[in-house]
Amino acid sequence: MSEEMVPDFDINKSVRLIFATPLVVHDWPNSEQFNQDLEKLVRHSEDNDKDGYGTRSNAGGWQSPGNLITWKDPVVDIFRQRIEKLVTNLLQETARDTGKNRSFRLMIDAWANINRDRDYNVVHTHPNCMYSGVYYVHQGEPEKAIPYSGLLEILDPREAANYVQIRHSVFDAREFVENIPGRMLLWPSWLKHWVHPYQGKGERISVAFNVNVIEENEQPA
Ligand SMILES: [Fe+2]
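Because the structure is a prediction, the values reported are computed rather than measured.

How each quantity is defined
- Each chain has its residues counted from 1, running along the sequence as written.
- Given that the model is predicted, a residue must reach a pLDDT of at least 70 before its local features are reported, and side-chain atom pairs must reach 80 or more before they are shown or counted; all residues, however, enter totals for whole chains, interfaces and linings.
- A run of DSSP states H or I qualifies as a helix once it reaches four residues; a run of E qualifies as a strand once it reaches two. Both are numbered from the N-terminal end.
- The burial criterion counts other C-beta atoms lying within 10 Å of a residue's C-beta, which is placed from the backbone; the residue is buried at 20 or more, exposed at 12 or fewer, and partly exposed between these limits.
- A residue pair is marked as a contact if its C-beta atoms, positioned from the backbone, fall within 7 Å.
- Axes, fitted as lines to C-alpha atoms, cover a helix only where it is in contact. Angles between the N-to-C directions of the axes lie from 0 to 180 degrees.
- Two helices that cross are described as forming a left-handed crossing if the nearer one is turned anticlockwise from the farther one by less than a right angle, and a right-handed crossing if clockwise.
- In this classification, the charged set is Asp, Glu, Lys and Arg, the nonpolar set is Ala, Val, Leu, Ile, Met, Phe, Trp, Tyr, Cys and Pro, and all remaining amino acids, among them Gly, are polar.
- Throughout this description, the term nonpolar core refers to a group of buried Ala, Val, Leu, Ile, Met, Phe, Trp, Tyr and Cys residues whose C-beta atoms join them within 7 Å.
- Whether two strands pair depends on DSSP finding at least two bridges between them.

This paragraph deals with the environment of E46. Within the fold, E46 resides in helix 1 (residues 32–48). Given 17 C-beta atoms within 10 Å, E46 falls into the partly exposed group. In this structure the C-alpha to C-alpha distance between E46 and Q139, which are 93 residues apart in sequence, comes to 17 Å. If we ignore the near neighbours within four places in the chain, the residues touching E46 are G52, W62 and I114.

Structural data, given as structure tokens:
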């Protein structure tokens, strides 16, 4: 049989990417002052509550109580609005068209994290909610010789993905995200993740959040 009898074709037209996992990585512009104000608020909170919440996923470090979103401060109002904007946009993007206008009400919890030298977060998910995320406030001074210092790593939820034993393919990827100030992430809460040990001077400051979503009564389009 000659090669011509088996025609070539465009594989892109035949591939369906199924069961996709959204990870939103959004860098909010012009955030210098906002980050300074949020950092000040978080540091002030730690100064007044050295114990904080205690331990969640953190090994070392300080975590605030989970009610940060209720703190009376203008910077928290903006923070909440940023979360709402990000989540709402993703919901509209991922919702299937029902022929009706769809609107969603959000319930948000948030807490601040301060990791210092050698502090890290173990592998975990965020139970009892739908979407989770983090906002990066201050990067600290991570040791340049330590490549993963303070980086978030998200684990592949396809537990058997590495059955495809072809290195350097889409099936062996590790997903790291750098904690750049002003960057906000959002992912489904069931996605396992962890934070590599922060090694360096100063503090790695972030604010994590959970979101539950309730669909409002559907209105005719
Ligand atoms: Fe987390």
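Moving on, we come to the packing of helix 1 against helix 2 (residues 74–94). It is at 9 Å that the axes of helix 1 and helix 2 come closest, and there the two elements cross at 115 degrees. For the pair helix 1 and helix 2, the sense of crossing is left-handed. Across from F34, D37, L38 and L41 in helix 1, the residues of helix 2 making contact are V75, I78 and F79. Looking at the contact of helix 1 with helix 2 residue by residue, the class counts come to six nonpolar, no polar and one charged.

Within the largest apolar cluster, 27 residues are counted, with the highest numbers of intra-cluster contacts made by V42, Y135, V137, L186 and V207. For this core, the secondary-structure elements that each account for two or more residues are helix 1, helix 2, strand 5 (104–115), strand 7 (131–138), strand 11 (183–188) and strand 14 (204–215).

In this section: the pairing of strand 5. As paired strands, strand 3 (residues 62–63) and strand 5 are joined by two bridges and run antiparallel to one another. From the neighbouring strand, W62 faces strand 5, where its bridge partner is I114. Where strand 5 lies against strand 14, 12 bridges are found, and the strand directions are antiparallel. By the bridge assignment for strand 14, F104 is matched with E215.

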